[in-house]
Every structure is written in structure tokens, then in C-alpha cells.
Amino acid sequence: MPKIKRRNSIRFKYTLVTVVLVTMIIFTSSVVGFMEFKSKFETQYIEQAYIISRLISSNIDPKNISCYLNEGRYTILDILKNSLNTMWTDMDINYIALSNADFTLSNYIYIKNGVKVPELTAEEDWLLQTDFDQGYYVVKNGASDLGVILPVVNQDGEIGAFVRTQINLDNMYIDIISFATKIITGSAIIAGFIMVLFLRYIRQYIVEPIITVSRAVNIFANSHYEIMPELKPLNTHDEVDYLIDSISKMTSDIEEYIKNIEENINEKEKMNAELRIAHHIQKSLLPKELPKTNEFDLYAFMNSAEKVGGDFYDFFYVTPTQLVFLVGDVSGKGVPAALFMITAKEGLKTKTMDGHTPSRALEIVNNSLIDNNADRMFVTSWLGKVNLENGELTYVSAGHPPAMIKRKGEGFKPLMDNQNKFLATFEDIKFSQSTIQLEEGDIVFLYTDGLTEAEKNDDLFGDKRLQEALNRNIKIYDDLEDFVKSIRYEIRIYEKESTSKDDLTMLAFRFNGKKPNRINHIM
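Here is what the cut-offs are and how they apply
Residue numbers run consecutively from 1 along every chain, following the written order of its sequence. Local features in this predicted model are restricted to residues of pLDDT 70 or higher, and side-chain atom pairs are both shown and tallied only at a pLDDT of 80 or more, whereas totals for entire chains, interfaces and linings draw on every residue. To obtain the side-chain values, all non-hydrogen atoms of the structure were used and water was disregarded. Axis definition: a line fit to C-alpha positions, over the contact stretch in the case of helices; interaxial angles, taken between N-to-C directions, run 0 to 180 degrees. Under the scheme used here, helices are H or I runs from DSSP no shorter than 4 residues and strands are E runs no shorter than 2 residues, and both carry numbers assigned from the N terminus. Our angle categories are set so that under 35 degrees counts as roughly parallel, over 145 as roughly antiparallel, 65 to 115 as roughly perpendicular, and the remainder as oblique. In a left-handed crossing the near helix is turned counterclockwise from the far helix by less than a right angle, and in a right-handed crossing that turn is clockwise. A contact between two residues is defined here by any heavy atoms of the two lying within 4.5 Å. Residues are sorted three ways: Asp, Glu, Lys and Arg are charged, Ala, Val, Leu, Ile, Met, Phe, Trp, Tyr, Cys and Pro are nonpolar, and all the rest, Gly among them, are polar. Following DSSP output, two strands are said to pair if at least two bridges run between them. For salt bridges, the criterion is a side-chain nitrogen of Lys or Arg within 4 Å of an Asp or Glu carboxyl oxygen. Working definition: with a 1.4 Å probe on protein chains only, accessible area under 20% of the residue-type maximum means buried, over 50% means exposed, and in between means partly exposed.

## Overview of the packing of helix α11 (residues 462-474) against helix α12 (residues 480-495)
At a minimum axis distance of 10 Å, the contact between α11 and α12 shows a crossing angle of 135°. One element, α11, and the other, α12, form an angle in the oblique class. Note on packing geometry: the crossing formed by α11 with α12 is right-handed. Residues Arg 465, Leu 466, Ala 469, Leu 470, Arg 472, Asn 473 and Ile 474 of α11 touch α12, and the partners they reach there are Phe 483, Ser 486, Ile 487, Glu 490 and Tyr 494. For the contact of α11 with α12, a count of residues per class yields 7 nonpolar, 2 polar and 3 charged.

Shown next as C-alpha cells:
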């Protein structure tokens with residue numbers, strides 16, 4: 001057996017996951033929000049700079065560029081003074097420059113107080129070759145300066161001058177950071193409040209009840225089924241409440257049985273009584289009725305050995321068109337194996353009905369079983385989910401004997417599967433599932449190793465004899481109940497006077513490929 005690792009508390013795990021998730025959401029939304037605000041603010045600044053450059057260029061006569069350049073900014077400012085005064089105040093404009101077409105002569109129209117401006121000479125060659133089809137060109141000087149260059153076009157469509165409006169972005173970044181800080185702080189407070197409420201809800205209605213049940217069952221098992229703390233129902237009417245009710249009823253029944261044993265029989269009878277309890281638990285969890293439908297035929301059989309083990313089978317609808325059927329085998333014997341079997345069987349049913357795939361359901365149940373496996377038991381299981389509309393069968397095996405499949409017109413053959421490990425042996429292992437297409441009349445036969453390990457004079461029945469028995473009897477018995485019972489009869493004949501050392505479980509499923517005509521659903 002592998003060394004069992006010390007596991008973190010479930011409280012720590014769900015708290016850590018929630019905190020990390022909320023932190024990631026806040027961080028991601030903050031980064032995305034900052035970039036979005038930055039982009040929109042820059043676009044707004046560019047539009048404002050374009051408006052100013054456009055306003056100036058529209059009042060410039062390309063024929064009088066030299067006049068404007070020689071007289072300086074005042075002539076243009078006098079013309080546009082009333083229009084521009086408000087913009088000077090609202091925008092962080094560093095300067096506005098006017099240049100002739102070849103940039104050999106430039107002058108400032110406006111300079112903000114305290115701003116050190118560059119000397120305007122001829123621009124780089126690439127700027128002179130710029131395509132101004134969009135109407136203007138944006139220049140960025142570092143992270144904090146942004147300029148808009150707008151050409152002044154004469155009547156012939158030629159560029160006669162350029163107007164350049166240079167804006168400082170420092171205040172924009174200050175505004176963005178201030179706004180983002182407020183948003184992040186508010187989001188963090190709201191998210192923290194919601195997270196606290198969520199954690200409290202999860203802790204009160206899910207985590208704490210599970211921990212309470214786990215501790216109670218552990219105390220019950222370690223006290224040899226004599227001490228069981230009281231489990232109060234939560235009245236939530238969900239799986240947790242159902243689990244508490246089931247555990248309470250189960251332990252109450254066991255306590256009553258053990259009390260009668262201790263009062264009336266000796267130690268050997270007590271042991272036999274415990275086995276009867278385990279047998280009762282084992283039988284009580286099996287489906288009570290077989291489904292009646294023309295979509296498929298199904299029959300299951302289980303025979304408990306003298307020393308009760310943990311064999312189980314189940315079948316149930318997860319949707320009106322999807323049926324799950326499974327078999328399993330717990331390694332231990334008696335009451336511990338029966339209790340372990342309950343956890344495995346009900347866990348697989350719950351997770352598949354929650355919508356998980358067969359492989360994912362086994363992965364979740366595997367970790368759950370490891371958490372409560374003081375006796376170091378393990379479980380083998382084969383689980384399949386069939387789509388009754390098209391015959392698609394998805395299945396996964398956890399160290400279980402391979403299923404046998406019979407195609408129409410052929411004999412039984414092993415159904416190959418991925419070699420997955422047992423349940424409750426290794427933590428966080430992955431299970432691989434497979435998918436096949438069932439056709440009308442195809443039969444899938446599941447069984448536990450009690451079938452192939454039936455022995456006579458130290459000679460096991462084996463896989464070969466099983467395959468031969470299946471092919472021989474399916475030719476005689478078309479009804480699955482008669483077919484399964486005929487296999488059981490062959491095993492009994494083979495063992496003769498020998499006593500079965502292990503449980504024997506079989507489940508046969510035949511896909512009919514017909515439209516539903518259901519009388520009863522097993523849920």
C-alpha cells in the first residue's frame with residue numbers, strides 16, 4: 001500500500017480556493033478596466049487635439065503661411081481667441097506649432113506656461129512620407145506626451161502647412177489611477193462581503209455537516225459500533241440532509257442489532273450477527289425493481305458469500321434518455337466493507353446524477369474514499385452510461401474485470417478498456433473513459449471476480465470457461481434473467497460442495513434500439 005499523505009482540512013481547501021478565485025477576478029477585472037479606460041481617455045484626448053488643430057487649420061489660408069509664420073502666434077490667436085480660451089483651460093496642451101510644408105520654417109502658436117518646448121526643425125523623412133488619408137497623424141513622445149499633426153490643404157489638394165497640437169497626459173493618468181483605485185477598492189469590499197457570506201453559507205450547510213458526519217462515523221467505527229454521536233437533520237432537503245438521515249438510520253439499526261447480540265448470544269454468534277447486518281446493508285441498497293421498457297433489457301443478480309464482502313451493483317436514469325449501470329467490489333469483509341461500499345456506491349450515483357462524466361465521477365469519489373479509509377480498503381468498479389436514443393455507451397473501469405460484449409451475430413468477447421487503478425488507493429489520479437456504439441441486440445455483461453475465481457480443487461473457473469459458458473447459454477436462453485441464472489447454475493455445478501469464498505455479482509444489459517415505452521423508471 002502507498003504511504004497515505006496527510007490531507008489538509010476541507011475548510012482550508014474551500015477557503016483557499018474561494019480567496020484565490022475572488023482575487024483573480026478582481027485583479028483581472030482591474031487590469032482590463034484600466035486598459036479600457038486608458039484607451040478611451042487617449043481616444044478622447046486625440047479627438048480634442050484634432051478639434052483644436054482642425055479649428056486652427058480651417059482659419060489658415062495656405063497662401064499666407066509665410067505671413068502667419070513671420071507674424072507668430074498672435075495673429076491666429078486674435079482670430080480664434082474666443083473659441084480657444086475654454087480649450088486652453090480644459091485641456092493639458094503643452095504647445096501648438098505651425099510649420100510650412102517642408103518643415104523648413106516653424107513657429108509656436110501657443111505655449112503653456114512653464115513648458116520647455118523643443119526646437120522645431122525639419123521632421124524625419126518618414127513623417128514627410130506619411131499618408132494622411134485619415135485626415136491626421138498621431139505622434140507619441142514617450143508615455144506622457146501625445147501629439148496630433150493635421151495637414152493644411154490648399155485648393156489644389158496639396159499640403160501647404162502642418163498644425164501640430166501637443167498634449168500632456170500626466171493628469172489623464174492621475175485621473176485614471178484615482179478612478180481605478182476607487183473601483184478596485186469598492187469591488188474588493190463588495191467581493192469580500194459576498195465572499196464572507198458565501199464561505200459562511202458553504203461552511204454552515206455543506207462543510208460542517210460533512211465534517212460532523214465524518215467525525216461521527218469515525219467515532220462509531222472506532223468504538224466498535226457502540227458510540228454514535230447524535231446527528232441532527234438540517235432540513236435543507238438536499239443530499240447532505242439525506243446523507244445524515246441515512247447514516248443516522250443505519251447506525252441506529254446497527255446499534256440495535258449489536259445490543260441484541262451482546263445481550264443474548266456469545267462472541268461467535270455476535271460475529272455472525274454482524275455479518276448478517278452487513279448482508280442486510282448490502283441487500284438494502286440494491287435496486288428494488290427492474291426497469292420495464294422496450295428500449296433495453298436488464299437483469300442483475302448478486303449472491304453474498306459466507307463472509308459478506310462489498311459487492312454492489314446499481315442502475316438508474318440520469319435523464320429520460322440516459323441510463324447508468326455499474327458493478328463494484330470492495331476489498332474488505334463484513335460491516336467495514338459494507339459501510340465502505342455505501343460510500344462508494346452512493347458517491348458514484350450522486351456524482352453521475354450531478355452531470356459528471358463517468359471518468360470524472362470516479363475521480364471525485366476516489367478522493368472522497370481516500371479521506372475515510374482507515375482500514376486501507378480499495379474498490380474496483382465498472383461504470384457505463386448509455387444514450388438510449390442512439391446507443392452510444394461511455395464507460396470506465398477502475399481496476400475491474402473487463403466487461404464482456406456480444407455483438408449481433410457474434411459471440412461474447414472482452415470489451416477492452418483503459419487500464420485504470422483501483423479506487424481509494426492513490427490520491428488525485430485521473431481515469432480514462434472509452435466510448436463505443438451499441439447496435440440493436442448488442443449485450444453487455446458485467447461481473448465481479450467472484451465469478452472467475454470460483455474454484456474446484458484449487459482450479460479457478462477462469463476467464464476462458466466464463467467466455468465459453470456465456471456463448472453456450474446465450475444460444476439457449478434469450479431472456480436475460482434465464483441467461484444470468486444459467487451462468488450462476490454452471491458456477492454452482494463447478495464448485496459442487498465447495499463454499500463460495502467471495503461474493504458473486506452479474507449484470508446483463510441488452511440494447512434494443514427502440515423508441516421508449518417505459519412503465520417504470522429506477523431513479
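## A closer look at the sheet that holds strand β10 (residues 392-398)
Strands belonging to one sheet form pairs held by backbone hydrogen bonds; the direction of such a pair is parallel or antiparallel. Strand order in this open sheet of 5 strands is β7-β8-β9-β10-β13, and the pairing throughout is antiparallel. Of all strands in the sheet, those with a lone pairing partner are β7 (312-319) and β13 (434-437), marking the two edges. Going from strand to strand, the sheet's axes swing by 20° on average, the running direction of each strand aside. Each of β7, β8 (322-330) and β9 (379-387) is contacted by helix α8 (residues 334-353), which is oriented at about 20° to β7, the strand it contacts most. Contacting β9 and β10, helix α9 (residues 358-371) crosses the sheet at an angle of about 25° to β10.

## Overview of the pattern of salt bridges
Throughout the structure, instances matching the rule amount to 9 salt bridges. Notably, a salt bridge pairs Asp 297 with Arg 510, separated by 3.3 Å at the nearest N-O pair. Taken together, the positions of Asp 297 in strand β6 (residues 296-303) and Arg 510 in strand β17 (residues 504-511) put the pair 213 residues apart, joining distant regions of the chain. Its relative accessible area of 9% is what places Arg 510 among the buried residues. Connected through salt bridges with shared partners, the residues Asp 297, Asp 478 and Arg 510 form a single ionic network.

## Thoughts on unusual backbone geometry
Unlike most non-glycine residues, Arg 376 shows phi in positive territory, near 55°. Here Arg 376 lies in the loop between α9 and β9. Phi is positive for Asp 428, close to 55°, though the residue is something other than glycine. Residue placement: Asp 428 occurs in the loop between β12 (412-414) and β13. With a relative accessible area of 51%, Asp 428 lands in the exposed category.

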